[in-house]
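Each chain is listed here by its residues.
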Amino acid sequence: MIPRGECEGSENNTSPQNFLQPSAHCDISFEQLLSTNMDNISREKYIENESQLSSSQNFLKEELTRCRNQIKHLQNILRESESNCERLTQLSEALKHEIRRVERDSERKVHLKENTEYLKNIIIKFVSLTGEDEKLRLIPVFKTMLRLSPSETENLEAAVRGNLA
C-alpha cells in the first residue's frame with residue numbers, strides 16, 4: 001500500500017500536548033480565570049470594547065465627513081467642466097461658421113478676379129429679364145460665381161418670387 005501525504009486526506013499527527021497548550025487568542029490564563037470574579041472581567045472587557053468601538057465610530061464619522069466634502073468638491077468641478085464644455089462647443093460652432101464664411105469670401109475673390117466680364121453679363125441679363133422662371137434659372141449661376149450661402153440663395157429666390165408676385 002502507498003502511504004498518503006498530508007494534503008491527500010491523511011490525518012494530522014497531532015500530539016495530545018498540542019491540545020493542552022494555551023491558544024494565542026486567549027487574553028488571560030486559566031489560573032487567572034479561576035481566581036477572578038466573572039463580573040469584573042466582563043465589565044473590564046465591556047469597557048475596553050466600548051472605548052474601541054467609540055474610537056472606531058469617531059474615525060468612521062471623520063472619514064464620512066471627509067468623503068462627503070470630497071464628493072461636494074468633485075461635483076463642483078464637474079459642473080464647472082460641463083459649463084466649460086458647453087461654452088467651448090458654442091465657440092467651436094461660431095468659429096466653424098466664421099471659417100466657412102471666410103473660405104467663401106476668398107473663393108469668391110479668386111473666382112471674381114478671373115470671371116469679372118462673365119459676371120457683368122449675367123447681372124445685366126438678370127436685371128433685364130422679366131419672367132420669374134428665367135431669373136430663377138440664373139440663381140444657380142450666381143450661387144456658383146458669388147459663392148452664396150444657402151440662406152443667401154434662399155433670400156435671392158424669395159426676392160425674385162416676391163418682386164414678380
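Everything that follows concerns the structure shown earlier in this document.
Just give me the short version of the overall build of the protein chain, but keep the residues and values in it.
Along its length, the protein chain carries 6 helices and 0 strands. Going from N to C terminus, the protein chain has its helices and strands arranged as α-α-α-α-α-α. Here the protein chain holds 165 residues, and the buried ones make up 10% of them. A separation threshold of at least 6 residues defines the contact pool for the protein chain, and within that pool the share at least 24 residues apart is 49%. Accessible surface for the protein chain amounts to roughly 14,300 Å². Of this, 55% is attributable to carbon and sulfur atoms.

Which residues make up the packing of aromatic side chains, and what values go with them?
Two measures describe an aromatic ring pair: the distance that separates the ring centres and the angle between the ring planes. On inspection of all chains with the given rule, the structure shows 1 aromatic pair. Relative to F142, the ring of F126 has its centre 5.1 Å away and its plane inclined at 90 degrees; by these criteria the two rings are edge-to-face. A residue pair is termed long-range when its members are at least 10 positions apart, and F126 in helix 4 (residues 116-128) and F142 in helix 5 (residues 132-146) qualify at 16 residues. In this structure, F126 and F142 share a single accessibility class: buried. Its end group placed over the ring of F126, K135 keeps NZ or CZ at 5.3 Å from the ring centre.

Rules and cut-offs
Residues numbered from 1 in each chain as written. Predicted model: local features only at pLDDT ≥ 70, side-chain atom pairs only at ≥ 80, totals over all residues. Heavy atoms only, no water. Helix = DSSP H or I, 4+ residues; strand = E, 2+ residues; numbered from the N terminus. Buried < 20%, exposed > 50% of the residue type's maximum accessible area, 1.4 Å probe, protein only. Contact = heavy atoms within 4.5 Å. Areas by Shrake-Rupley, 256 points an atom, 1.4 Å probe, with all protein chains shown as cover. Phe/Tyr/Trp six-rings, centres within 6.5 Å; stacked < 30°, edge-to-face > 60°. Lys NZ or Arg CZ within 6 Å of the ring centre and 35° of its normal.

Any functional reading would require information beyond the geometric quantities listed.
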